[in-house]
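# Examination of the molecular architecture
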Amino acid sequence: GQLEESGGGLVQAGGSLRLSCAASGRAFSYYDMGWFRQAPGKEREFVAAISWKGENTYYTNSVKGRFTISRDDAKNTVYLQMNGLKPQDTAVYYCAARWGQRLVSNTQYDHWGQGTQVTVSS
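The rules behind each value
- Residues numbered from 1 in each chain as written.
- Predicted model: local features only at pLDDT ≥ 70, side-chain atom pairs only at ≥ 80, totals over all residues.
- Heavy atoms only, no water.
- Disulfide = S-S within 2.5 Å.
- Helix = DSSP H or I, 4+ residues; strand = E, 2+ residues; numbered from the N terminus.
- Buried < 20%, exposed > 50% of the residue type's maximum accessible area, 1.4 Å probe, protein only.
- Core = buried A, V, L, I, M, F, W, Y, C linked by side-chain atoms within 4.5 Å.
- Contact = heavy atoms within 4.5 Å.
- Salt bridge = Lys/Arg side-chain N within 4 Å of Asp/Glu carboxyl O.

## Quick notes on the state of the cysteines
Two cysteines whose sulfur atoms are joined by a covalent bond form what is called a disulfide. Taken as a whole, this structure holds 1 disulfide when the rule is applied. The partner cysteine of Cys-21 in its disulfide is Cys-95, sulfur to sulfur 2.1 Å. Across the disulfide from Cys-21 to Cys-95, rotation about the S-S bond amounts to roughly -80°, and the bridge is consequently left-handed. Taken together, the positions of Cys-21 in strand β3 (residues 17-23) and Cys-95 in strand β9 (residues 91-99) put the pair 74 residues apart, joining distant regions of the chain. Taken as a pair, Cys-21 and Cys-95 share a single burial class, namely buried.

## Concerning the nonpolar core
Among the nonpolar cores identified, the biggest contains 27 residues, and Met-33, Trp-35, Val-78, Leu-80, Met-82 and Tyr-93 are the most heavily contacted of them. Residue assignment for this core shows that the elements contributing at least two residues are β3, β4 (31-38), β5 (45-50), β7 (67-72), β8 (77-82), β9 and β11 (116-121). Beyond its immediate stretch of four places on either side in the chain, Val-78 contacts Leu-19, Ser-20, Cys-21, Phe-28, Met-33, Trp-35, Ile-50, Ile-69, Ser-70, Arg-71 and Cys-95. If you look at the next biggest cluster of nonpolar residues, it comprises 6 residues, including Phe-36, Phe-46, Ala-96 and Tyr-109.

## Some words on unusual backbone geometry
Unlike most non-glycine residues, Asn-76 shows phi in positive territory, near 50°. According to the relative accessible area criterion, Asn-76 is buried, its value standing at 17%. Here the phi dihedral of Gln-108 falls at roughly 70°; this positive angle occurs in a residue that is not glycine. Along the chain, Gln-108 falls in the loop between β9 and β10 (111-112).

## Things to note about the pattern of salt bridges
A full pass over the atoms with the stated rule returns 5 salt bridges. Among the ionic pairs, Asp-32 bridges to Arg-98, the shortest N-O distance being 2.9 Å. With Asp-32 in strand β4 and Arg-98 in strand β9, the pair connects residues that are 66 residues apart, well separated along the chain. Here Asp-32 matches Arg-98 in class, with each residue buried. The partner of Asp-73 in a salt bridge is Arg-71, and the shortest N-O contact between them spans 2.8 Å.

As structure tokens, this is what we get:
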């Protein structure tokens, strides 16, 4: 299946954005879904993940309390609500998927979207 991100843009520090990732295919509900980001000159890093049943979530420390990952299996879509944005959140944000596993984590994602740019101005 394919993953397509949307919702990126330019926002002032302290503002909010909601990213969406639409997935094709019929087995979406069986996949763990994640968000990653890559800032200029830096390696791609994990941001958040949600388990295939939507029961468990996992966040990198720098976004805890500010970002929320959720999914709507009826729409084959995963979301990343980003509040309290900071200039250091500026990056290309990627949606990713892996076959559902027992524990949600930040590794072994093997399906990737093309990314959406998020820019936070100070």
